Amino acid sequence: MNEAVTTNKAQLPAAAAKPKRRAWERFKANRLAFVSLWIMAVLIVLALFAPVIALHDPAEQDLMSRLKPPSAAHWFGTDDLGRDLFSRVLYGARVSLSVAIFSVILNLLIGITVGSLAGYYGGKVDSFLMRIVDILLSFPTFFVLITVVTVLKPSLFNIIVVFVTFGWMSKARLLRGQILSVKNREFVDAARTIGMSDFRIIFVHILPNAIAPIIVSATLQMGSMILTESSLSFLGLGIQPPTASWGNLLQSAQSLTILSNAPWYPFIPGFMIFLTIMCFNFIGDGLRSAFDSK
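Residues numbered from 1 in each chain as written. Predicted model: local features only at pLDDT ≥ 70, side-chain atom pairs only at ≥ 80, totals over all residues. Heavy atoms only, no water.

Trainee: Sorry, what's going on with the overall build of the chain here?
Mentor: The secondary structure content of the chain amounts to 14 helices and 0 strands. Start at the N end of the chain and walk to the C end: the helices and strands fall as α-α-α-α-α-α-α-α-α-α-α-α-α-α. For the C-alpha atoms alone, the extent of the chain along its principal axes is close to 80 × 50 × 30 Å. Buried positions account for 41% of the 294 residues belonging to the chain. A sequence separation of at least 24 residues applies to 71% of the contacts in the chain between residues at least 6 apart. For the chain, the exposed surface amounts to about 15800 Å²; the carbon and sulfur share of it is 68%. Taken together, the 25 basic and 16 acidic charged side chains of the chain have centroids lying 8 Å from each other. (Helix = DSSP H or I, 4+ residues; strand = E, 2+ residues; numbered from the N terminus. Buried < 20%, exposed > 50% of the residue type's maximum accessible area, 1.4 Å probe, protein only. Contact = heavy atoms within 4.5 Å. Areas by Shrake-Rupley, 256 points an atom, 1.4 Å probe, with all protein chains shown as cover. Lys, Arg positive; Asp, Glu negative; His and termini not counted. Charge placed at Lys NZ, Arg CZ, Asp CG, Glu CD.)

Trainee: I keep staring at a nonpolar patch on the surface and nothing clicks. Help me out?
Mentor: The grouping of Ile-44, Val-45, Leu-48, Phe-49 and Val-52 at the surface amounts to a nonpolar patch, some 480 Å² of accessible area in total. In terms of residues, the nonpolar patch owes the most to one element, helix α2 (residues 31-48), which gives 3 residues. (Patch = residues over 30% accessible without salt bridge, like charges linked within 9 Å, V, L, I, M, F, W, Y side chains within 5 Å. Salt bridge = Lys/Arg side-chain N within 4 Å of Asp/Glu carboxyl O.)

Trainee: Could you clarify how one ought to interpret the packing of helix α4 (residues 85-121) against helix α14 (residues 264-291) in this entry?
Mentor: In a packed pair of helices, the relevant descriptors are the angle between the two axes and the axis-to-axis distance. Here α4 crosses α14 at 35°, and the two axes come no closer than 11 Å. Relative to α14, the crossing made by α4 is right-handed. Across the interface between the two elements, Leu-85, Val-89 and Leu-97 from α4 touch Trp-264, Tyr-265, Ile-268, Met-272, Thr-276 and Phe-280 from α14. Split by residue class, the contact of α4 with α14 holds 8 nonpolar, 1 polar and no charged. (Axes fitted to C-alpha atoms, helices over the stretch in contact; angles between N-to-C directions. Left-handed = near helix turned anticlockwise from the far one by under 90°. Nonpolar A, V, L, I, M, F, W, Y, C, P; charged D, E, K, R; others polar.)

Trainee: Would you take a moment to explain the pattern of salt bridges for this structure?
Mentor: Here the idea is simple: oppositely charged side chains can pair when their charged atoms come close. As enumerated under the stated definition, the model contains 8 salt bridges in all. Here Asp-285 ties to Arg-288 by a salt bridge, and the two come within 3.4 Å at their closest N and O atoms. Taken together, the residues Asp-285 and Arg-288, both in helix α14 and 3 residues apart, mark about one turn of the helix. Judged by relative accessible area, Asp-285 falls into the partly exposed class, the value being 34%. A relative accessible area of 43% means that Arg-288 is categorised as partly exposed.

And the structure:
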């Protein structure tokens, strides 16, 4: 009898690991998603170690080396002020990826909290929280972003604050719907019967069974955040020079002289934006397939 109980206990972790293993196998089967994951991992490592990898100081100007083409000395060439473009792209990756990652993490924390409370408790709590969501969703987010960063000093902190303020609502609404479909299942009723706290029921039993669509949504939102930050910086309302971001690199390369005489200059940051957004989209598509047991 004891041996049977021991065997069953030993089999539980293996059984619990099987869905995760199957999800990982489904994700790897999506070649575009798997390759995109590796590309994003490489980009994040390059951004983290930019001070070590960068060949030159990204702010160092050399007017005698303006708009030099790619070479052994300057892998991506130089910009209109003679600064090394490879170094500025690396440091720009730190800014653009930081905006996306930190904004989405904070959006997830707020959205999960609000969506969990609204979906689990329902009634007046649900109505109150969802009306807040409806009000915030009614704002034209991009125009609010432009207004805020125009009134306030454009900075990385202010951009993240606005992204977080107007970016969590879709997560809350999506999670609320997921929790409404899960909270009346038998395992939740069993947890209530044995006296578990609401906090433990929500975050230990319900949330793991409802979180998959939120993760997919968050992954897709990262690409959107990078595109929005790049758009603001391109308009001169985002990250301000001499701090490099992919958006303001494009902004400084928009003259006809640069476009005709140094086409690599706008192409490189534009390609980095395109590549990163495409990778996040492919990863999100892969996660959607991985979490879909059907």
